[in-house]
Amino acid sequence: MAERAHSVHSSHHRKSVAHEPVTSVLKAGEVVYDPENPDHEWNADEEVLAALGYKPEFKREFNLWTTFCVSFAVLGLLPSFASTLYYGMGYAGTAGMTWGWLVAMIGIQAVAASMAELCSSMPTSGGLYYASAVLAPKGWGPFAAWITGWSNWLGQITGAPSVNYGTASMILAAGSISNPSYVPQNYHVYLLTVLIMLIHGCMASLPTRTLARINSAGSTFNMIALVVVIILIPAGTNRTDQDLPRFTSSSEVWGTIYPGTDYPSGVSVLMSFIGVIWTMSGYDSPFHLAEECSNANIAAPRAIFLTSAVGGLFGWFLQLVVAYTVVDITAALESDLGQPFAAYLTQVLPYRMVMAVLSLTIIAGFAMGQGCTLAASRVTFAYARDDCFPLSNIWKKVNPLTRTPVNAVWFNTTIGCLILLLIFGGSLAAGALFSIGAIAAFVAFTTPVFIRVAFVGGNFRPGPWNLGKFSVPIGIVASCFTALMVPILCLPAVTGSDLDTASMNWTVLVYGGPMFAICIWWIVSARKWFKGPKVNVQHLMLGRDVEGEYTIDGQEVSESSGSDGGSAGVVSGKAAEAASNGAVGAGSEAKGLDL
């Protein structure tokens, strides 16, 4: 049998994956080949992707900078901060904005670092979903992938709608400032948000090279606008004209906790973390763009880590600026403008500066929404490729002209427009978009990290970007942070007799309801047919569920099994040996943190 397998492929060009720094589905020493182009020289990125079980389908036209740009655009510090000021300042006041942000960033950076390590080991568009399947204990991989994938998708699918909702609200608030007689209505916000969604859908359908340039420009503008606003507000504040000191005293800023909830001060500060978590939930984008990035197992994790670190630092600077200049928190939260950030600006800046800052924020928000649309489409494509959705054969198609998943873009856009109907339920119902995104994202971010810490241990095969001996401790911090924040972000701001449908935190229903239905779907049906990532080259998935020698997907290696529609193929060693190693295998020794 071994001689026959060797003779079948001896004429083909082979490339060993033994030294590729990835958590390969192939056993060290196996080879990859292209049956339709046996003389094709595999570059490092193609070989890594083939080792993960996928054939290359995208052009690799993203690099470290452009990938970071997409991620930073999705992060969108300025518009994110403006959209979530109601929670960050409204729940705990300036104390939550200053030292509260720093405390939250410890947990957030731990999550980002652990995710970056996984990305270096498994740089594929499936991202967290793929990692959960690979790392989970035997028999639990499909369920881990199922939960991670759906939670991540819920976070991604609410990203663009929530960002664009914030952008639309700021546009209409600017209109109210210019014309005080105009009061925005819910249907105004909805229609404007849908218009922005449609524009972003068109933009996200463009070719990869064009998308990279658009996001580079958008991210650059985001950075410039952020720095300008951080400088402009303290330099241009008119607090002294109101017989106030130019800046509030540090003792008041750092020591005063605004009574924005019915809970003790410590819980209020934790509840204010929703603004930080939602703002900082876009750094997973490089993971989903890994198949379109060159040198992906180094560039993509670097982009993840740097996005979180740079975003956290500059976000804190922006928090300090607002905390030291805000005049009346209650007035900002309850303003008729319907947008606390716009109301805050009118307290501390003259009219022209208010409009200038709002304009910068709106443009940055538009760029952020486009980045969210792009990242979400790649997630939908990756899951459709594994047949997770009804009609997946439609959503997983790559447009032959643009080489981008156009169908996935418009599938997401349609779902997003339906989700935005929450706007008609009032501000708190619409606010569930933000808390859903925060919880869904961090549950997905941390699930494979927890599995890696709790079940894989020293068998994890790290990529070239890794945390070395700090990997497990950082993973524990990340897991504990998410476990603490999930219930906290579901708490309503009021309790007792004051709690009614208008003041209810709808996150439990809007996130918990779909996730409960997804679990029921698993028990009733999906467990029978969903087997985890459905990779599109023949391989030994996780080295499991295979019997005998030289078998691929339960079939004997032969001429007919060597090709899958022109995809890359593999030749395996003994399945029993592969199964003993599993996907996490005996990996290379950790090389330490490489930034």
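Procedures and definitions
Residues numbered from 1 in each chain as written. Predicted model: local features only at pLDDT ≥ 70, side-chain atom pairs only at ≥ 80, totals over all residues. Heavy atoms only, no water. Core = buried A, V, L, I, M, F, W, Y, C linked by side-chain atoms within 4.5 Å. Buried < 20%, exposed > 50% of the residue type's maximum accessible area, 1.4 Å probe, protein only. Helix = DSSP H or I, 4+ residues; strand = E, 2+ residues; numbered from the N terminus. Contact = heavy atoms within 4.5 Å. Phe/Tyr/Trp six-rings, centres within 6.5 Å; stacked < 30°, edge-to-face > 60°. Polar contact = N/O pair within 3.5 Å; in protein donor to acceptor, adjacent residues only side chain to side chain. pLDDT = per-residue confidence, 0-100. Salt bridge = Lys/Arg side-chain N within 4 Å of Asp/Glu carboxyl O. Axes fitted to C-alpha atoms, helices over the stretch in contact; angles between N-to-C directions. Parallel < 35°, antiparallel > 145°, perpendicular 65-115°, else oblique. Expected span 1.5 Å × (residues − 1).

1. A word on the nonpolar core
The biggest cluster of nonpolar side chains holds 163 residues, and the ones touching the most others in it are Ile108, Tyr283 and Tyr344. The dominant element in this core, judged by the number of residues it contributes, is helix H4 (residues 77-121), at 22 residues. Here Tyr344 is in contact with Leu85, Ile233, Val321, Val322, Thr325, Val326 and Ala332, once residues within four sequence places are set aside.

2. Brief notes about the packing of aromatic side chains
A complete count under the given rule lists 29 aromatic pairs for this structure. Consider the rings of Trp140 and Phe143, whose centres lie 6.3 Å apart with planes at 70 degrees: the pair is edge-to-face. Look at Trp140 and you get exposed, because its relative accessible area is 53%. For the pair Trp254 and Trp316, a centre-to-centre distance of 6.4 Å together with 75 degrees between the ring planes defines the contact as edge-to-face. Within this pair, whereas Trp254 is found in helix H9 (residues 250-255), its partner Trp316 is found in helix H13 (residues 296-325), the two being separated by 62 residues in sequence. Judged by its relative accessible area of 30%, Trp254 falls in the partly exposed class.

3. Remarks on the side chain of Thr248
By secondary structure assignment, the location of Thr248 is in the loop between helix H8 (208-236) and H9. A polar contact is formed between the side chain of Thr248 and the side chain of Arg239, at a distance of 3.3 Å. Other than its neighbours up to four places away in sequence, Thr248 contacts Arg239, Val253, Ala323, Tyr324 and Val326.

4. Overview of the confidence of the model for the protein chain
Counting all residues, the mean pLDDT for the protein chain is 79, and 79% of those residues have values of 70 or more. Residue range residues 537-595 is modelled with pLDDT below 50. Its contacts to residues more than four positions away, or to other chains, number 126 contacts.

5. Here we look at the pattern of salt bridges
Here the structure, examined in full by the defined rule, presents 1 salt bridge. Two residues, Glu117 and Arg452, come together in a salt bridge whose shortest N-O distance is 4.0 Å. With Glu117 in helix H4 and Arg452 in helix H19 (residues 427-456), this residue pair connects regions lying 335 residues apart in the sequence. Considered together, Glu117 and Arg452 belong to a single accessibility category, that of buried residues.

6. Observations regarding unusual backbone geometry
With a phi angle near 60 degrees, Asp243 is a residue other than glycine that sits in the positive phi range. Here Asp243 shows up in the loop between H8 and H9. Of note in the backbone geometry, Arg403 takes a positive phi value of approximately 60 degrees without being a glycine. Looking at the element boundaries, Arg403 is found in the loop between helix H17 (392-395) and helix H18 (406-419).

7. Describing the packing of helix H6 (residues 141-178) against H18
The geometry of H6 relative to H18 is characterised by a closest axis approach of 9 Å and an angle of 75 degrees between their N-to-C directions. On the basis of their axis angle, the class for H6 and H18 is roughly perpendicular. Facing H6, whose interface residues are Trp153, Ile157, Thr158 and Pro161, H18 presents Phe411, Asn412, Ile415, Gly416 and Ile419.

8. Concerning helix H16 (residues 351-385)
The end-to-end C-alpha distance of H16 is 51 Å, a good match for the 51 Å that 35 residues give at a rise of 1.5 Å each. In terms of burial, H16 is largely enclosed, as 28 of its 35 residues are buried. Two residues or fewer past H16, Asp387 is found with a positive phi of approximately 60 degrees.

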